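Remarks on the overall topology
Each chain, letter by letter, is given below.
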Amino acid sequence: MAQWQEVQQLPPAHLERVHQLYTTTALPMTVRQSLADWIEDQDWQQAAEPFSSHARMLFHSLLALLGEQLGSLGPGDEDFMLKHNLRKARIDLQAAFEEQPENFANLVANLLQEERRILRRAQAKGQLEAPPAPNVAPQSSREQEIQQRLAEFRTTLQEAERAFRHLEDLQDAFDFSYKMYYQPGQDHSRDPEYLQQVQALQAKLQSLDRQRREVVAQLQQLLGRSETLRDFLQQELSAWRDRQQRSCLGAPADTCLLQLQGWFTALGEGLFQLLQLLRGVGELRQKVTYEQDPLQTELPLLEKRLQEQLTCLLQSAFVVEQQPCMPNTPKRPLVLRTANKFCTRARLLVRLHDRNHRMEANIHIDRDPPKTRGFRKFNILTSSSKTVLVGDSPREGLVCDFQYLTLKEQKGGGSGKGSRGTNEGPLAVTEELHLITFTLAYAYCGLELKLETSTLPFVIISNNNQLSSAWASVLWFNMLSPNPKDQQFFSTPPAAPWPKLAEVLSWQFQSTAERGLSREHLHMLAEKLFGSKPSPESALPWTKFSKDGAAGFSFWAWLDRILALLHDHLKQLWKDGLILGFVSRKQEKKLLKVKRTGTFLIRFSESMLGGVTCTWVEHPENGPPAFRAVVPYTSAELASLALPDIIRDYQLLAEENIPENPLLFLYPDTPRDEAFQPYYSQRHEGILTEKKAYLNQRLIRVSSRQPHEMWQTEEDLVVATEDLETLQLKIGGQQPMSLGTVLEGDVTPRILQAESPGQQQVVAVGVGTQQPGPQVPVPPSLQQLGSGGLGVLQSGMGDLGAPVVLKLLQVEPGEQRVLPTGGSAIGPLLGSGASELLLGSSAMGLLPSELGDVERLPLQEPDLGQLEAAELLPTLDDRDVLLDPRDPFLPQPEDVSLPTAATSLFTADCDFPPLQIDASDFQ
Amino acid sequence: MGQRGGHQESWKKLEISPSEVMKAEEENSKEENKELKSKDCKLLSVFGAADLRNGAVGLYNIGQTCCLNSLLQVFFMNIHFTKILRRIIVPVRATQKMKNVPYQMLLLLEQMQCGKQKAVSPRELAICLVAHRVKLFVQYDAAQLFLTIWNLLKKQLKNPELVGKLSDLYTVCVQEHLACQTCSSETKRNSSMLTLPVPLLDSCSHKLKTLEECLQCFFHPEELTGQNMCFCEHCGKKTPFLQSVKLVHLPQTLTIHLKRFCFGRSAYIHKLSDCLPFPQDLDFNAVLTEQQCEAYDSEKDTWQYELFAVVAHSGSISSGHYCAYIRSLTECKWYCFNDSIVNQVSWDDVKCTYGHSDLSWGQTAYLLFYMKKHPLRSLI
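Computed from a predicted model, the values in this text were never measured in an experiment.

What follows is about the overall build of chain B. The helix and strand tally for chain B stands at 14 helices and 18 strands. Counting every position in chain B, which comprises 380 residues, the buried fraction comes to 54%. In chain B, the proportion of contacts linking residues at least 24 apart, taken out of those at least 6 apart, comes to 68%. Roughly 17200 Å² of accessible area belongs to chain B as shown, and the carbon and sulfur atoms make up 52% of that amount.

Now the structure itself:
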């Protein structure tokens, strides 16, 4: 709104002040009113300077405009008075200021300033009275301030540019007069006209000098303001850096750079404009200079200060937008594997560039490697330089995106693998930190700079089984290092304060399974680590975190396996809070003791890697409550049967009792089926009337208990032995699904078992066939069962609690063929040890020809004892091995050690995509 | 006309926001006005003052006077100083007037508060200073120039009462101790200083982190051993001494001089542009230990300061620019005085003068002026 309009809308008290202002001034309010817009548009301040030619021009324009106004007025009554007033004002003004138009300019400038002051005060008062306006956009005050300052910077810059143009005019005028009139050498001392000219010239030079100083002061001021702004932006940027670092560790954080890019670009633009302005001023000095020229001394200083500002701004504006990361482990950046692709991206936040100048970015790895013995050296394969892409849309920026980089270790002197032993450094491979440095040759508006930025330190591994400990290093570094480039961090790694560590650990769960750790969880972990109640000062040394551990594995290894388990099998349950997870035994008893029989909770095993177990409470008629827990399930078991299904069908066998499910209520008191209903897998209950070619079947888990076994007290927990059993339940064959052993004919499940308390049993169950195992291990056997049901169950459980191996065959109704990939496709089955290697029935290649037409196959019992894993594996060509290829935490097929690979040879669903594995991968 | 309009305006303001200080000031200026009127018809409109008016007025740079301008602004924005300035005895003769620094300063102050321009030229004052060998077109060290101007003021004030007030307003009293480490005889000497020249580096050339640390370092006792040993009268030989400075009295306006220009290993002088944060509120009782003070508790109670002004330098040792950040005592708002350009700024802008180790040309605070928070208590 125009100022005069605003003034008129002032509340009466303030309006009174305006009236007062105009009663004492030479400018009548009539004139102010009728020429309001024009008056406000002029630069009176400028004109008020002594010797300003501008003032005279403005004064005469005003008189002329008043004349026009008079002419345009009609003959009406009201107009008559107005006309009179205007005419009188015109005459008065002319009389008063004809000689000193500067005074008039000064007067108007002051009046306008006075008006503004009154307006400000009125507004301030109004704001005090009015309730604070509701904030529409909840911007942070810092954001608002930056926006405001940017806007202010722009307007001040425009003012400076105006002042500069004025200076140009003045200089041109002076230059012209100087060349016209100044004639040194001749004696003009008697020529009064010449003397007058020289005097005028002197006055012009004075005003030029004044204007120059004015412009310099303005530039000084502008530079000072920009320093604060740059400071603000750098603070925001370092906050972003922190956010990025935290988000690398899995914390939820906003790492968008768009707003910062906008700000940096705006300030950069302004500073470059200022640079141009400075150069313009410099050119003026080239044309006209004089003794004590302020530009002579001040300009170089200003230029240096501005260049420093720009350099500082641009240097900080070059950032690594994406830290190096392999695409197949997106949640664990900063861990790179040799020969694996990774990408990284840098961005220049000042989006200004010269279209004619090709900007090239380069990357170097470990430009200044630490001088530690045995520090590995790497080469970046693929090109290490790239032209910076310039997108036109504002969302894009000056980005150098390196997409398909791979690393290769430099081998010194042709030595092979063995030579590493001799120059092995003090640091483990996973504690060795590497850096990639980006450099960019930037040129804009005649300013040439070499910009540089570095990634966060990363760990280079050569094998996937190092991933876990490499990630531990990344966590530790980013959590604790005060210097983001410290490659020597692990020579003396500091201890982690518990509150910090707790936060980072929680992020791991948050990013893996979308639910962080609760206070109770953290409390349990702290007790596990520190033994007692953690104080805020408790700190965990690096070795205790990643290396030593009482149970034979480190704290981190334990936690990371739980993370992997969660990710692979329990994500949803964890996310929905059904897994209590981290509960110490003591706490567990405390929780369950007061609950009714059958209340159970799910927690992670503390004694083994990546295990989850259920503990339930039983209140015997007399004596203290008993707590029971099954041997923890690992990913091997969970791959074949999901935890909710295990819980649903879990059976406890006790002599003289009908098998029953002891798991009734999920802690605190949710009925089992209510809690787990949404997670149960679909059952295909057949319709009895329909004629089916196959019987339906499903897997359940059963534990057994010896009759003589004592009910355990709180002190000794019974680990119920548990076996894998198969049950044939119903007729049904709509799905070519076959889990476990398919039994023919017999509808009644018969469970056979042998057991020795406290030990895991190996049981292979089939109808009519029994393989009791009084001696452990039991020689594996193969069973060929009736027509229509082609199935083999191999339950190979070693006494070491090794994973159960199960091979399933799929059978399609009506066709006596083995699925999925033709006759011979039965995968290898591996027991816990090489000696217990088990093979599917047709693994020897004997079966396929028979399968097509034979309904009943003879029992086969290959001499497995003679087969060694190493011998067998190369023959695995084209077999179906079922692994989840999408699983980033699962070891990559080629890196998997053999037993682990075997554990994942499970299938629970025929829709599962088979993965082809080359035999050569195992070599 | 415009002048008269503004004139009334300042009266109005006084009525609207009367604070005790302002009222006192108002009355003072009234009285002074009469006094002055009778003596000098030039000072017709000496009421209202730049420091009471809402607007801050710039000073034109008339030949590398940025240093002078900054210091003048610091003087003029200090109402305690202007109170003294207004009571000066105006010299009778024109030549005396020309050479009288306080009088010229007063004239300039009046020019600033009466004129409605955004800036005025300190020409007469500059000429007056030239007469006292403060040349134009020379880059001065602000601390040095401050001392020069202050001494000129003190010398020319004539009125002993005013001289006393000026000294009270600015001088720090300390007690220097020299203790012989062998016989523990001690010599004390009271002395006063206009500024506290605090080092930015400690005795081992380590950078100090905050202003508080710098002050602690300044008051830290120093052992004089080896070559620095002094002759002890009691022992009759050169002995190691412990030299220390104890704080006796702090003035209303405390000036701290950050020794940013320092000698390197060679004779070459360089500027330290490292970051040195200074607080807005400074409590000397929290900074200094009991042993470092030699004052009564009633005196110590008044050692609560808040930042009033910062004279900042940008550039290098040989060429540079000064500007002043001043917190208006009446409005409690920060202004940046950059010669003729005056801007209202925020504390964040002032914080920018902490310095930055990467920016050797940027702004760095050079002189800090702290103001006592409770001026009245010191009178009791």
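Another aspect to go through is the overall build of chain A. When you go through chain A residue by residue, the secondary structure sums to 24 helices and 29 strands. Looking at chain A as a whole, 50% of its 923 residues qualify as buried. For chain A, the share of sequence-separated contacts (at least 6 apart) that also reach a separation of at least 24 residues comes to 70%. Entry remark: accessible area of chain A is about 43000 Å², with carbon and sulfur atoms responsible for 50%.

Right, let's talk about the sheet that holds strand 9 (residues 241-249) of chain B for a bit. All names here are of chain B. Strand order in this open sheet of four strands is 4-3-9-6, and the pairing throughout is antiparallel. With partners counted over all chains shown, the strands left at the sheet margins are strand 4 (186-193) and strand 6 (222-224), one partner each. For this sheet the average axis-to-axis angle between neighbouring strands, irrespective of direction, equals 25°.

Residues and elements named next belong to chain B. Of all five residues in strand 5 (residues 195-199), four are buried; the element is thus mostly enclosed. Here five bridges tie strand 5 to strand 10 (residues 253-259), and the two strands are oriented parallel to one another. Bridge pairing in strand 10 links Val198 to Leu258.

We now examine the confidence of the model for chain B. All names here are of chain B. Within chain B, residue pLDDT values average 79, and 82% of them lie at 70 or more. In this model, residues 1-54 is a region of pLDDT below 50 whose contacts with residues beyond four sequence positions or in other chains number 92 contacts. As a predicted assembly, this complex carries a pTM of 0.69 together with an ipTM value of 0.79.

A cluster of like negative charges, contributed by Glu168, Asp169, Asp172 and Glu283 of chain A, occupies part of the molecular surface. If you trace the backbone, Asp172 of chain A turns up in helix 9 (residues 141-181).

Facing the 41 residues of chain A at the interface are 43 residues of chain B. Of the roughly 3700 Å² buried at the junction of chain A and chain B (both faces included), carbon and sulfur atoms supply 48%. Counting the surface chain A buries against chain B, the share from its top three residues, Gln221, Leu301 and Glu308 of chain A, is 16%. On inspection of chain A and its partner chain B, the count reaches two salt bridges. The residue Asp349 of chain B makes a salt bridge to Arg149 of chain A at a minimum N-O spacing of 2.6 Å. Elements represented by at least two residues in the side of chain A that touches chain B include exactly helix 2 (12-23), helix 8 (101-129), helix 9, helix 10 (192-248) and helix 12 (294-317) of chain A. Here the element with the most residues in the side of chain A that touches chain B is helix 10 of chain A; it accounts for 15 residues.

We note that Glu514 of chain A has phi near 60°; this positive angle belongs to a residue other than glycine. Structurally, Glu514 of chain A can be placed in the loop between helix 14 (498-513) and helix 15 (519-530). Classification of Glu514 of chain A by relative accessible area gives partly exposed; the value is 43%. If you check the backbone angles, Arg133 of chain B has positive phi at about 60° while not being a glycine.

All names here are of chain A. The grouping of Phe176, Met180 and Tyr181 at the surface amounts to a nonpolar patch, some 310 Å² of accessible area in total. With respect to the element layout, Tyr181 can be found in helix 9. Tyr181 gets classed as partly exposed once you look at its relative accessible area, which sits at 33%.

Moving on to the side chain of Lys271 of chain B. When you line up the elements, Lys271 of chain B lands in strand 12 (residues 269-271). For the buried Lys271 of chain B, no salt bridge is present, and the opposite-charge side chain at shortest range is Glu308 of chain A, 8.9 Å distant. A polar atom in the side chain of Lys271 of chain B sits 3.0 Å from the side chain of His313 of chain B. In this structure the side chain of Lys271 of chain B is engaged in a polar contact, spanning 3.4 Å, whose partner is the backbone oxygen of Gly315 of chain B. What Lys271 of chain B contacts, discounting residues up to four positions off in sequence, is Arg260, Phe261, His313, Ser314, Gly315, Gly362 and Thr364 of chain B.

This next bit is on the pairing of strand 15 (residues 320-327) of chain B. All names here are of chain B. Of all eight residues that make up strand 15, eight are buried, and the element is covered over most of its length. What you see with strand 15 is no split at all: Gly320, Tyr322, Ala324 and Ile326 on one side and His321, Cys323, Tyr325 and Arg327 on the other are buried throughout. Pairing of strand 14 (residues 304-315) with strand 15, which is carried by seven bridges, proceeds in the antiparallel orientation. Bridge pairing in strand 15 places Ala309 opposite Ile326. As paired strands, strand 15 and strand 16 (residues 334-338) are joined by four bridges and run antiparallel to one another. Residue pairing for strand 16: Ala324 is matched across the bridge by Phe337. As consecutive antiparallel partners, strand 15 and strand 16 are separated by six residues, and within that stretch Cys332 has a phi angle of approximately 60°, a positive value.

The next thing to look at is the nonpolar core. Of all hydrophobic cores here, the largest spans 155 residues; its most connected members are Trp476, Leu501, Leu525, Phe545, Phe582, Ile602 and Phe676 of chain A. Among the elements that make up this core, the one with the highest residue count is helix 10 of chain A (14 residues). The contacts of Trp476 of chain A, once residues within four sequence positions are left out, are Ser481, Phe489, Phe490, Pro493, Pro494, Ala495, Ala496, Leu501, Leu540, Pro541, Trp542 and Phe545 of chain A. Listed in part, the 57 residues of the second largest apolar core include Leu72, Phe75, Leu145 and Ile326 of chain B.

Take the packing of aromatic side chains next. Between two aromatic rings, the relevant description is the distance of the centres plus the angle of the planes. Taken as a whole, this structure holds 40 aromatic pairs over all chains when the rule is applied. Ring centres of Tyr335 of chain B and Phe337 of chain B lie 6.3 Å apart, and the angle between their planes is 50°; on these two criteria the pair is classed as tilted. Judged by relative accessible area, Tyr335 of chain B falls into the buried class, the value being 8%. When the ring centre of Phe665 of chain A is taken as reference, the NZ or CZ atom of Arg596 of chain A above it lies at 3.8 Å.

Here the focus is the pattern of salt bridges. In this structure the tally under the stated criterion is 34 salt bridges over all chains. For Glu514 of chain A, the salt bridge is made with Lys575 of chain A, and the minimal N-O distance between the two is 3.1 Å. Of this pair, Glu514 of chain A sits in the loop between helix 14 and helix 15 while Lys575 of chain A is found in helix 17 (residues 555-575), placing the two residues 61 residues apart along the sequence. Assessed through its relative accessible area of 33%, Lys575 of chain A is described here as partly exposed. Residues joined by salt bridges that share partners form a network here, namely Glu145, Arg149, Glu152 and Arg225 of chain A together with Asp349 of chain B.

Time to look at helix 10 of chain A. Owing to its 3.6 residues per turn, the α-helix aligns residues three or four sequence positions apart on the same side. Between its first and last C-alpha atoms helix 10 of chain A spans 82 Å; for 57 residues at 1.5 Å apiece the expected length is 84 Å, and the two agree. Looking one or two residues beyond helix 10 of chain A, the residue adopting positive phi is Gly250 of chain A, at roughly 105°.

So, how was this worked out
- Residues numbered from 1 in each chain as written.
- Chains lettered and ligands numbered in written order.
- Predicted model: local features only at pLDDT ≥ 70, side-chain atom pairs only at ≥ 80, totals over all residues.
- Heavy atoms only, no water.
- Helix = DSSP H or I, 4+ residues; strand = E, 2+ residues; numbered from the N terminus.
- Buried < 20%, exposed > 50% of the residue type's maximum accessible area, 1.4 Å probe, protein only.
- Contact = heavy atoms within 4.5 Å.
- Areas by Shrake-Rupley, 256 points an atom, 1.4 Å probe, with all protein chains shown as cover.
- Pairing = 2+ DSSP bridges.
- Axes fitted to C-alpha atoms, helices over the stretch in contact; angles between N-to-C directions.
- pLDDT = per-residue confidence, 0-100.
- Patch = residues over 30% accessible without salt bridge, like charges linked within 9 Å, V, L, I, M, F, W, Y side chains within 5 Å.
- Salt bridge = Lys/Arg side-chain N within 4 Å of Asp/Glu carboxyl O.
- Lys, Arg positive; Asp, Glu negative; His and termini not counted.
- Charge placed at Lys NZ, Arg CZ, Asp CG, Glu CD.
- Buried area = accessible area lost by both parts, 1.4 Å probe.
- Polar contact = N/O pair within 3.5 Å; in protein donor to acceptor, adjacent residues only side chain to side chain.
- Core = buried A, V, L, I, M, F, W, Y, C linked by side-chain atoms within 4.5 Å.
- Phe/Tyr/Trp six-rings, centres within 6.5 Å; stacked < 30°, edge-to-face > 60°.
- Lys NZ or Arg CZ within 6 Å of the ring centre and 35° of its normal.
- Expected span 1.5 Å × (residues − 1).

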